[in-house]
Amino acid sequence: MPLSAPPATYTAAVERYLTGAGIAKSSARIYRISLTTWGWMLAGEPAPTGSTRRGAKPPVFPVTAIDDPALPEALAELAAARADEMDADTVNRELSIARKAIGWWQRQGWIIGDPTIGIERRPAPPDRTKALAENQIAALWRLDVALREKTFWKMLYESAARADEVLCLNVEDLYPQDKRGRITAKGGATEWIHWQSGTAQLLPRLIARRTRGPLFFTDRKAPAGTPTLDVCPETGRARLSYRRAEEIFEGNTRLLANPLASPEDIEDLDGWTLHRLRHSALTHDAEGGTSTPMLLARSRHASVRSLERYARPGVDAVARHVAERDPAARRRA
């Protein structure tokens, strides 16, 4: 017998899972997006991509429909088609989240089978994300953008924190006098991020006189149905989403990422991703001689092996290394 009555809809089952399985607040948004994507495919429909995904209403169907014997074959075709359009890391992450939710629903007795059995993870290419050069970081700070973006980007770089963790910060989580903030990391653990003077100078203007609620919020009132934790109690605005923050950053950095592109081509090119700020901060720390224990503390990784992707010196560091060892330069010195 089910441990509790199955929810009326798949969407309700997703919310029950996020609450009942103890998913950390910093991860719940990503989980919800991934499970919404799988919701379309579990309903036998292709998941919308690109601009069509934003604002698209997920299908309404009972969670028990997952046990339809015809679903695995149709689902495999839809998942394969989506995998051809998306990067392997995204596809694998979404598949992993879907399987975790399905397993939890099975343990509740709401469903019996797992229609994702037989869908294989895609081989992910090695992480070749490059750190931004120092002049690129300097150019980023010169962009004419809103105070919210200036503060968000500066905090990401100075703290080397993950973007979703910073977006989950509330005003009451900040300790401005200590230049640090309390976050909920993966697995629900409480951890700390630390920033420098650049962020410290911008924060008072961004916070104004607010004492609680999301640190970074949208420009409009929160739509009906927005979770209370994601609504500023003083302004009524919704917490800024990762998807929207990424869109803003990518759009504003297209010219920086493609300095030789013509104006008519720039809209078809990609800008930088938010993750490159974290990657750049840790790489620049490594180039500056920061010790391994401190890099582990900054990145909040559990193993030294995880730091390998950040230990590749950037173009500026290599140039300095070669110049310092130039025999002609040594003779002049």
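Being a predicted model, the structure only gives us computed values, none of them experimental.

Caption draft 1: Just the overall build of the chain, in detail. Each helix and strand counted, the chain has 14 helices and five strands in total. Principal axes of the C-alpha set define a box for the chain whose edges measure 80 × 45 × 45 Å. Per-residue burial over the chain gives 41% buried out of 333 residues. Contacts spanning at least 24 positions in sequence make up 61% of the contacts within the chain whose residues lie at least 6 apart. Each charge sign in the chain was given a centre, from 48 positive and 41 negative side chains, and these centres are 7 Å apart.

Caption draft 2: A look at the confidence of the model for the chain. Looking at the chain as a whole, its pLDDT mean stands at 88, while 93% of the residues score no less than 70. Mean pLDDT values over the elements of the chain span from 68, in helix α14 (residues 327-332), up to 97, in helix α6 (residues 147-159).

Caption draft 3: Structural detail: the pattern of salt bridges. All chains considered together, the criterion is met by 15 salt bridges. In this structure, Asp173 engages Arg182 in a salt bridge whose closest nitrogen and oxygen atoms are separated by 3.2 Å. A salt bridge links Arg239 to Asp230; the shortest N-O distance between them is 2.8 Å. As far as burial versus exposure is concerned, Arg239 and Asp230 are alike and both buried.

Caption draft 4: Just the sheet that holds strand β2 (residues 180-184), in detail. Spatially, the three strands line up as an open sheet ordered β1-β2-β3, and their pairing is antiparallel. Pairing within the sheet leaves two strands with one partner each, and these edge strands are β1 (174-175) and β3 (190-194). Bridging between β2 and β3 involves five bridges; their strand directions are antiparallel. What sits directly across from Arg182, in β3, is Trp192.

Caption draft 5: Molecular detail of the nonpolar core. Core analysis: the largest hydrophobic core is formed by 37 residues, its most contacted members being Phe152, Trp153, Met155, Val166, Leu215 and Phe216. The set of elements that each furnish at least two residues to this core consists of α5 (134-141), α6, α7 (163-167), α8 (197-207), α9 (242-252) and α11 (275-287). Sort the elements by how many residues they give to this core and α6 lands first, with five residues. Filtering out sequence-adjacent residues up to four positions away, Met155 remains in contact with Ala160, Val166, Leu169, Ile193, Trp195, Thr199, Leu203, Leu215 and Phe216.

Caption draft 6: Focus on the state of the cysteines. Scanning the model with the defined rule gives zero disulfides in all. Free cysteine: Cys168, not disulfide-bonded; nearest cysteine sulfur from Cys232 at 15 Å. Given the relative accessible area of 8%, Cys168 is considered buried. With relative accessibility at 1%, the residue Cys232 sits in the buried group.

Caption draft 7: Up close: the pairing of β2. Here β2 shows one buried face, formed by Gly181 and Ile183, and one open face, formed by Arg180, Arg182 and Thr184. The sheet contact formed by β1 and β2 spans two bridges and is antiparallel. Across the sheet, residue Leu174 finds its bridge partner in β2, namely Gly181. Between β1 and β2, which pair antiparallel in sequence order, lie four residues; one of them, Lys179, sits at a positive phi of approximately 55°.

Caption draft 8: Broad picture of the environment of Trp192. Its location among the elements puts Trp192 in strand β3. Once the C-alpha coordinates of Trp192 and Val60 are considered, the two residues, 132 residues apart in sequence, prove to be 40 Å apart. Those residues in contact with Trp192 that lie beyond four places of it in its chain are Tyr175, Arg180, Gly181, Arg182, Ile183 and Arg300.

Caption draft 9: Region of the structure containing the packing of α6 against α8. Running from N to C, α6 and α8 cross one another at 150°; their axes reach a closest spacing of 9 Å. Between α6 and α8 lies a crossing whose hand is left-handed. Note on element contacts: α8 touches α6 through Ser197, Gly198, Thr199, Leu202, Leu203, Arg205 and Leu206, opposite Leu147, Arg148, Lys150, Thr151, Lys154, Met155 and Glu158.

Caption draft 10: Expanded view of the packing of aromatic side chains. Summed over the entire model, instances satisfying the criterion amount to 10 aromatic pairs. By the ring-pair criterion, three or more aromatic residues cluster together here, those being Tyr10, Tyr17, Tyr31, Phe61, Trp104, Trp105 and Trp110. Between the NZ or CZ atom of Lys154 and the centre of the ring of Trp141, over which it lies, the distance is 4.0 Å. Just above the ring of Trp192 sits the side chain of Arg180; from NZ or CZ to the centre is 4.6 Å.

Caption draft 11: Inspection of the packing of α5 against α6 at higher detail. Closest axis-to-axis distance for the α5/α6 pair is 11 Å, and the angle between their directions is 150°. With respect to each other, α5 and α6 are oriented roughly antiparallel. Across the interface between the two elements, Ile137, Leu140 and Trp141 of α5 pack against Trp153, Lys154 and Tyr157 of α6. Split into classes, the residues belonging to the contact of α5 with α6 amount to five nonpolar, no polar and one charged.

Caption draft 12: Representation of α5. Among the residues making up α5, those that are buried are Ile137, Ala139 and Leu140. Down the axis of α5, the smallest arc covering the buried residues is 160°, so these residues share one side. Buried-residue contacts for α5 involve α6, α9, α10 (254-257) and α11.

Parameters and conventions
- Residues numbered from 1 in each chain as written.
- Predicted model: local features only at pLDDT ≥ 70, side-chain atom pairs only at ≥ 80, totals over all residues.
- Heavy atoms only, no water.
- Helix = DSSP H or I, 4+ residues; strand = E, 2+ residues; numbered from the N terminus.
- Buried < 20%, exposed > 50% of the residue type's maximum accessible area, 1.4 Å probe, protein only.
- Contact = heavy atoms within 4.5 Å.
- Lys, Arg positive; Asp, Glu negative; His and termini not counted.
- Charge placed at Lys NZ, Arg CZ, Asp CG, Glu CD.
- pLDDT = per-residue confidence, 0-100.
- Salt bridge = Lys/Arg side-chain N within 4 Å of Asp/Glu carboxyl O.
- Pairing = 2+ DSSP bridges.
- Core = buried A, V, L, I, M, F, W, Y, C linked by side-chain atoms within 4.5 Å.
- Disulfide = S-S within 2.5 Å.
- Axes fitted to C-alpha atoms, helices over the stretch in contact; angles between N-to-C directions.
- Left-handed = near helix turned anticlockwise from the far one by under 90°.
- Phe/Tyr/Trp six-rings, centres within 6.5 Å; stacked < 30°, edge-to-face > 60°.
- Lys NZ or Arg CZ within 6 Å of the ring centre and 35° of its normal.
- Parallel < 35°, antiparallel > 145°, perpendicular 65-115°, else oblique.
- Nonpolar A, V, L, I, M, F, W, Y, C, P; charged D, E, K, R; others polar.
- Arc of directions from axis to C-beta.

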